[in-house]
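# Analysis of the macromolecular model
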Amino acid sequence: MRRILVTGIAGQLGQELQKTLAPVGKVIGVGRETIDLTQPDAIRQTINEVKPDVVVNAAAYTGVDKAESELELAEAINAIAPGIIAQECQKLGIPLIHVSTDYVFNGSQSQPYRETDPTNPINAYGKTKLEGEIAIQQNCQNHIILRTAWVYGVGGKVNFVKTMLRLGGEREEIRVVADQIGSPTCTADLAGAITQLIPKFQPEIAGIYNYTNSGVASWYDFAVAIFEEAKQLGWNLKIQRVIPITTPEYPTPARRPAYSVLSCAKISAVLGTYPPHWRQGLRNMLAELYTQTYESTNSIRR
Ligand SMILES: NC(=O)C1=CN([C@@H]2O[C@H](COP(=O)(O)OP(=O)(O)OC[C@H]3O[C@@H](n4cnc5c(N)ncnc54)[C@H](O)[C@@H]3O)[C@@H](O)[C@H]2O)C=CC1
């Protein structure tokens, strides 16, 4: 049976991969305690001990704002570590599937970014992720770099959906940025795509791919949809009004691209299907989260 080493197993994507990858191989999931990506020797040692048939790198420094002041740490995890993983995969002759981001682009385009469009990150996180992509391309022939965006999942400790549900339970009114456009992407669909890619991998398909859910939204649209769908499920929320605001009205340490829609035509040709619409992904995620949240409350009551 194929052995799949997954880094970042405790992250929102990692947790989903643990579930979805089971039918295509034996998952060896490692978290920060087993393989600290700031330690090159630990990376080399773990890969050589596990002897995987494929590596999925789902670990990353994902604090977009904190990366502005912790550049060295972000670089170690997002730029240097992927290069070392890539070297080990190359030595073993195995494929590496690595997850990257829409933040490699500056967001000035008004049509979906294709894999070949010029990169130009506008924040520290995006720069470190781009450096990681380059390190992989230079060190491992059999790579898939999967760029995604606006990721959320049931397993995440913090993500936009969970933040909205918390705030929506506390407040009647909330202000959300309406001038940044992207495609909210649920980990279940992203992990599903990675799961499909693994058995299909051949050296001829190596390269960069975009994968997000279909359709576009602003953070404001996304928030409105979260509340609509959650209320339909019976979620207990106070929220009455979502107010659209502009990016300058919600200043953050890191700049964010205004437009980060990614074209998924290339990966759809490989998978034989387009990604589901983001609203469907959201509906599925909320249904699962609702069951988890309210089932555990019921069991406490009992
Ligand atoms: N969350 C998002 O909106 C987006 C995420 N991505 C990318 O998707 C991938 C998955 O991200 P998420 O699951 O959302 O992130 P996450 O923050 O939920 O998980 C990242 C994982 O990496 C691990 N990690 C951090 N530092 C480490 C270290 N020094 N050594 C070992 N492990 C370490 C963390 O413990 C965590 O489990 C990442 O490559 C991220 O850059 C891309 C676009 C958007």
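Quick caveat: nothing in here was measured; it's all calculated off a predicted structure. (Residues numbered from 1 in each chain as written. Predicted model: local features only at pLDDT ≥ 70, side-chain atom pairs only at ≥ 80, totals over all residues.)

Let's shift gears to the sheet that holds strand S3 (residues 54-57). The strand order across the open sheet built from 6 strands is S2-S1-S3-S4-S5-S10, with neighbouring strands paired in parallel fashion. If you trace the sheet from one side to the other, it starts and ends with strand S2 (26-30) and strand S10 (207-210), each paired once. Here the strands of the sheet are splayed against their neighbours by 20° on average, with no regard to which way each runs. With 5 bridges connecting them, strand S1 (residues 3-7) and S2 associate as parallel partners. The residue bridging Leu 5 from the neighbouring strand is Ile 28, located in S2. On the sheet, helix H6 (residues 187-200) packs against S1, S3, strand S4 (96-101) and strand S5 (143-148) and is oriented at approximately 165° with respect to S5. (Pairing = 2+ DSSP bridges. Helix = DSSP H or I, 4+ residues; strand = E, 2+ residues; numbered from the N terminus. Axes fitted to C-alpha atoms, helices over the stretch in contact; angles between N-to-C directions. Contact = placed C-beta atoms within 7 Å.)

Once that is clear, we can look at helix H7 (residues 219-233). Working note: α-helix, 3.6 residues per turn, so residues spaced by three or four point in the same direction. The terminal C-alpha atoms of H7 lie 21 Å apart, and with 15 residues this matches the ideal 21 Å at 1.5 Å per residue to within 8%. Three or more residues of H7 are buried, namely Trp 219, Phe 222, Ala 223, Ala 225, Ile 226 and Ala 230. Within H7, the buried residues cover an arc of 165° as seen down the axis, which keeps them to one side. (Expected span 1.5 Å × (residues − 1). Buried ≥ 20, exposed ≤ 12 C-beta atoms within 10 Å, placed from the backbone. Arc of directions from axis to C-beta.)

Right, let's talk about the confidence of the model for the protein chain for a bit. Averaged over the protein chain, the pLDDT score is 95; the fraction of residues at 70 or greater is 98%. Taken together, the chains of this predicted complex give a pTM of 0.96 and an interface ipTM of 0.98. (pLDDT = per-residue confidence, 0-100.)

Once that is clear, we can look at the environment of Gly 234. Note that Gly 234 resides in the loop between H7 and strand S12 (241-245). Once the C-alpha coordinates of Gly 234 and Tyr 103 are considered, the two residues, 131 residues apart in sequence, prove to be 35 Å apart.

Attention shifts here to the site of the ligand. Around the ligand, a shell composed of 26 residues is seen, among which Gly 8, Gly 11, Leu 13, Ala 60 and Val 151 lie nearest. At 3 residues, the largest contribution of residues to the shell around the ligand is made by helix H1 (residues 12-20). Classifying every residue of the shell around the ligand by side-chain character gives 13 nonpolar, 10 polar and 3 charged. (Near = placed C-beta within 6 Å. Nonpolar A, V, L, I, M, F, W, Y, C, P; charged D, E, K, R; others polar.)

One can describe the packing of helix H3 (residues 71-92) onto helix H4 (residues 124-139) by two numbers: an axis separation of 8 Å at closest approach and a directional angle of 15°. Judged by the angle between their axes, H3 and H4 are roughly parallel. The way H3 lies across H4 gives a crossing that is right-handed. Residues Leu 71, Ala 74, Glu 75, Asn 78, Ala 79, Pro 82, Gly 83, Ala 86, Gln 87 and Gln 90 of H3 form the contact with H4, whose own contacting residues are Ala 124, Tyr 125, Thr 128, Lys 129, Glu 131, Gly 132, Ala 135, Ile 136 and Asn 139. Residue composition of the contact of H3 with H4, grouped by class: 9 nonpolar, 7 polar and 3 charged. (Parallel < 35°, antiparallel > 145°, perpendicular 65-115°, else oblique. Left-handed = near helix turned anticlockwise from the far one by under 90°.)

Buried within helix H2 (residues 40-50) we find Ile 43, Thr 46 and Ile 47. On an axial view of H2, the arc spanned by its buried residues comes to 95°, and they lie on one face. Summarising the geometry of H2, the exposed residues directed more than 90 degrees from the buried face are Asp 41, Asn 48 and Glu 49. Packed against the buried residues of H2 are S1, S2, S3 and H3. Among the residues trailing H2, Lys 51 stands out with phi positive, at a value near 50°.

We now examine the nonpolar core. If you look at the biggest cluster of nonpolar residues, it comprises 83 residues, and the most contacted ones within it are Val 56, Ile 194, Ile 226 and Met 285. Of all the elements, H3 adds the most residues to this core, at 7 residues. When neighbours within four sequence positions are excluded, Ile 194 is seen to be in contact with Leu 17, Val 56, Ile 97 and Leu 146. (Core = buried A, V, L, I, M, F, W, Y, C linked by C-beta atoms within 7 Å.)

Glancing now at unusual backbone geometry. Residues other than glycine seldom take positive phi values, yet Lys 51 does so here, at roughly 50°. Looking at the secondary structure, you find Lys 51 in the loop between H2 and S3. Positive phi, close to 50°, is recorded for Trp 150, a residue that is not glycine. Mapping Trp 150 onto the fold places it in the loop between S5 and strand S6 (151-152). Under the C-beta neighbour-count criterion, Trp 150 is labelled buried, with 22 such atoms within 10 Å.

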